[in-house]
Amino acid sequence: DAGVIQSPRHEVTEMGQEVTLRCKPISGHNSLFWYRQTMMRGLELLIYFNNNVPIDDSGMPEDRFSAKMPNASFSTLKIQPSEPRDSAVYFCASSLDRLAGVSAEQFFGPGTRLTVL
Amino acid sequence: EDKVVQSPLSLVVHEGDTVTLNCSYEVTNFRSLLWYKQEKKAPTFLFMLTSSGIEKKSGRLSSILDKKELFSILNITATQTGDSAIYLCAVGRSNYQLIWGAGTKLIIKP
């Protein structure tokens, strides 16, 4: 298996531009997570999907952020308009939750390093 | 509010030393505790613990959970420079979400 795939790996953009990050989870996994990691705040959960349905988006910073999962093999995280404070590494992770109520291990993609100038 | 606290925040030791990393938690609907290692890239999974007192072991790494005192430790024996990384602890709740600690940055000097 190729693991979780993210693209692009690096993105440099200017303030105000739209940014779209992409993720392909591991085939067969039923949960998908978007995280943001910075030195100051560590790893923060942005949104969690289960069976393609957004379950918890309370971590999404504000309306500039949106995420979709149109099918089991693809998800996007969009920032519009982007701001310098959005600069961070964005990780996508997936898991297969087999046992009811027990968090399974999450497998992380390589991340997208976003720099907003 | 749910929280996961790791200590120390950073640690510098010499190759061959043994280290113990700590993770304490206050999380509602606890289901599991996970340890991850993060080098320069994405976190990679090490252990998942669900039961108290049962040690999980992988090579020089081992971990144990105490659900009464609400903590876990990660031990690394005979450390090597390749063990240098950030070690992250996360606690899983019944809704499948993970609550993450800030991590312990471990540096192994040759």
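For the structure itself, consult the block above.
Remember, it's a predicted structure, so these values are computed and weren't measured experimentally.

The rules behind each value
Each chain carries its own residue numbering, running from 1 in the written order of its sequence. Chains carry letters and ligands carry numbers; both start at the beginning, A for chains and 1 for ligands, and go up in the order they are written. Note on the predicted model: pLDDT of at least 70 is required for a residue's local features to be given, and 80 or more for side-chain atom pairs to be given and counted; whole-chain, interface and lining totals, by contrast, use all residues. The side-chain quantities take in all heavy atoms of the structure and omit both hydrogens and water. We treat two strands as partners when DSSP finds at least two bridges between them. Only runs of H or I of at least four residues qualify as helices and only runs of E of at least two qualify as strands under DSSP, and these elements are numbered from the N terminus. Between N-to-C directions, angles cover 0 to 180 degrees, with each direction set by a line fitted to C-alpha atoms, over the stretch in contact for helices. Salt bridges are defined as contacts in which a side-chain nitrogen from Lys or Arg sits within 4 Å of a carboxyl oxygen from Asp or Glu. Note on exposure labels: buried denotes an accessible area under 20% of the residue type's maximum, exposed denotes more than 50%, and partly exposed covers the range between, all computed with a 1.4 Å probe on protein chains only.

Enquirer: Let's hear about the sheet that holds strand S1 (residues 5–7) of chain A: which residues, and what values?
Expert: In a beta sheet, neighbouring strands are held together by backbone hydrogen bonds and run either parallel or antiparallel to one another. Residue and element names in this part refer to chain A. Reading across the sheet, the four strands line up as S1-S3-S8-S7 and stay open at both edges, with antiparallel pairing between neighbours. If you trace the sheet from one side to the other, it starts and ends with S1 and strand S7 (65–71), each paired once. Adjacent strand axes in the sheet meet at a mean angle of 15 degrees when their direction is disregarded. As paired strands, S7 and strand S8 (residues 74–79) are joined by five bridges and run antiparallel to one another. For Asn 71, the partnering residue across the bridge sits in S8 and is Phe 74.

Enquirer: Just give me the short version of the pattern of salt bridges, but keep the residues and values in it.
Expert: All names here are of chain A. For the structure on display, the rule yields eleven salt bridges over all chains. Residue Glu 44 pairs with Arg 36 through a salt bridge whose shortest N-O separation is 3.3 Å. Among the residues examined, Arg 36 registers a relative accessible area of 10% and is labelled buried. Linking Glu 62 and Arg 85 is a salt bridge whose minimum nitrogen-to-oxygen distance equals 3.2 Å. Of this pair, Glu 62 sits in the loop between strand S6 (53–56) and S7 while Arg 85 sits in the loop between S8 and strand S9 (88–95), placing them 23 residues apart in sequence. You can call Glu 62 partly exposed: its relative accessible area is 28%. Take Arg 85: its relative accessible area is 55%, and that puts it in the exposed class. The network of salt bridges with common partners includes Glu 62, Arg 64, Glu 83, Arg 85 and Asp 86.

Bear in mind that shape data such as this cannot, by itself, settle questions of function.
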